[in-house]
Amino acid sequence: MSDGSVNALGRVALPPGTRPWRVATANRLLMHRAAKPLLFTAALGPLAWLVWGAFADALGANPAEALIRATGDWTLRFLCLTLAITPLRQWTGWQALARLRRMLGLFTFFYGVLHFLCFAWLDMGLNLQDIVRDIPKRPFILVGTAALLLMLPLAATSFNGAIRWLGAKRWQALHRAVYMTAGLAVLHFFWMRAGKNDFAEVGIYAAIVTVLLGWRLVRRLHRGREVRGAAPAG
Ligand code: HEM
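This is a predicted model, so every value here is computed, not measured.

**A closer look at the overall build of the chain**
Moving on, step 1. On a plain count of helices and strands, the chain comes out with 11 helices and zero strands.
Moving on, step 2. Each helix and strand of the chain, placed in order from N terminus to C terminus, yields the pattern α-α-α-α-α-α-α-α-α-α-α.
Moving on, step 3. Taken over the C-alpha atoms alone, the chain extends approximately 65 × 45 × 40 Å along its principal axes.
Moving on, step 4. Looking at the chain residue by residue over its 234 residues, the buried ones come to 19%.
Moving on, step 5. Here the analysis covers contacts within the chain between residues at least 6 apart in sequence; of these, 62% occur between residues at least 24 apart.

What follows is the structure, given as structure tokens:
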């Protein structure tokens, strides 16, 4: 299976079929000092587009709904991009992609908070009592809230000091909560659209999340089998 992990000689084993010079070029570009600022600017694009749309009155007949939905869509898109980093890195051998993962994860949280703020402001008039009452009343809102709350400790421990403080194993275990967030986010979207019997878009996101999480599961099973196979008999 395509790997991209460290081999027995301590070198990064390239996935079969990849050309070393191409991988090296991609990694060099990703390591360029402009890569992070470029990603940062691009990730602010949807926000800039929405702010412009709001001021230019270009968000359609129901701007409040458009803002809530667009920020929800972008939260889910950034979540998928964040989850895609590891499979893409392993599949292509572009190890340097890993340095962009934290920024993508933080942008997922950022758009999630914006989505919640749009809901709290434009749907609920920033009335805390109404918000608290509405969350358990509508199951899809409850599920969305659980997804956002699960991201809170991940965002709070996304800096290097937190890895040292928690220890790599505990940090990794905590950050596996992102898989749960992804499941809840798709369920939130599904439940919201269930009322309208409109599942086309939800189906696409569900398929993407299934492939991205399924990749990890298959690799883990494969690696487990390899370790068991390599263990000395008796
Ligand atoms: C990880 C967290 C979340 C994700 C990924 C997410 C994602 C989404 C998506 C994809 C949509 C549908 C957009 C569309 O129709 O194109 C949506 C709609 C919506 N979400 Fe979220 N959401 C999250 C958290 C929340 C939270 C915390 C709340 C409120 C407490 C919330 C409230 C809503 C509302 C009110 C709608 C629109 C419903 C409508 O227009 O009928 N979401 N969300």
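Once the structure has been displayed, the description carries forward.
**Overview of unusual backbone geometry**
Moving on, step 1. The backbone of leucine 126 sits at a positive phi, close to 60 degrees, despite the residue not being glycine.
Moving on, step 2. Position of leucine 126 among the secondary structure elements: in the loop between helix H5 (101–123) and helix H6 (128–137).
Moving on, step 3. Positive phi values are uncommon outside glycine, yet asparagine 197 reaches one of about 55 degrees.
Moving on, step 4. Relative to the helices and strands, asparagine 197 resides in the loop between helix H10 (177–194) and helix H11 (200–230).

**A closer look at the site of the ligand**
Moving on, step 1. Around the ligand lies a shell of 24 residues, among which Arg69, Gly72, Gly144, Ala147 and Ala185 are the nearest.
Moving on, step 2. Of all elements in the fold, only helix H4 (63–92), H5, helix H7 (139–156) and H10 reach the threshold of two or more residues within the shell around the ligand.
Moving on, step 3. Its residues assigned to classes, the shell around the ligand shows 12 nonpolar, eight polar and four charged.

**Here we look at the nonpolar core**
Moving on, step 1. In this structure, Leu79 and Ala185 are the most contacted members of the largest nonpolar core, which totals 27 residues.
Moving on, step 2. Counting only elements with at least two residues in this core, the list comes to H4, H5, H7 and H10.
Moving on, step 3. Ranked by residues supplied to this core, first place goes to H4 with nine residues.
Moving on, step 4. Sequence-distant contacts of alanine 185, that is, excluding residues within four places in its chain, are made with Leu76, Leu79 and Ala147.

**Quick word on the packing of H4 against H5**
Moving on, step 1. With their axes 8 Å apart at the nearest point, H4 and H5 run at an angle of 160 degrees to one another. When the axis of H4 is compared with that of H5, the two are roughly antiparallel. Viewed along their axes, H4 and H5 form a crossing whose handedness is left-handed.
Moving on, step 2. When grouped by side-chain class, the residues that make up the contact of H4 with H5 number 15 nonpolar, eight polar and two charged.

**Details of the packing of H7 against H10**
Moving on, step 1. Running from N to C, H7 and H10 cross one another at 160 degrees; their axes reach a closest spacing of 8 Å. Looking at the two axes, H7 sits roughly antiparallel to H10. The chirality of how H7 crosses H10 is left-handed. Along the contact surface, H7 presents Pro139, Phe140, Val143, Gly144, Ala146, Ala147, Leu150, Met151 and Leu154, while H10 presents Ala177, Val178, Met180, Thr181, Leu184, Ala185, Leu187, His188, Trp191 and Met192.
Moving on, step 2. Of the residues assigned to the contact of H7 with H10, the class counts are 16 nonpolar, three polar and no charged.

About the criteria used
- Residues numbered from 1 in each chain as written.
- Predicted model: local features only at pLDDT ≥ 70, side-chain atom pairs only at ≥ 80, totals over all residues.
- Helix = DSSP H or I, 4+ residues; strand = E, 2+ residues; numbered from the N terminus.
- Buried ≥ 20, exposed ≤ 12 C-beta atoms within 10 Å, placed from the backbone.
- Contact = placed C-beta atoms within 7 Å.
- Near = placed C-beta within 6 Å.
- Nonpolar A, V, L, I, M, F, W, Y, C, P; charged D, E, K, R; others polar.
- Core = buried A, V, L, I, M, F, W, Y, C linked by C-beta atoms within 7 Å.
- Axes fitted to C-alpha atoms, helices over the stretch in contact; angles between N-to-C directions.
- Parallel < 35°, antiparallel > 145°, perpendicular 65-115°, else oblique.
- Left-handed = near helix turned anticlockwise from the far one by under 90°.

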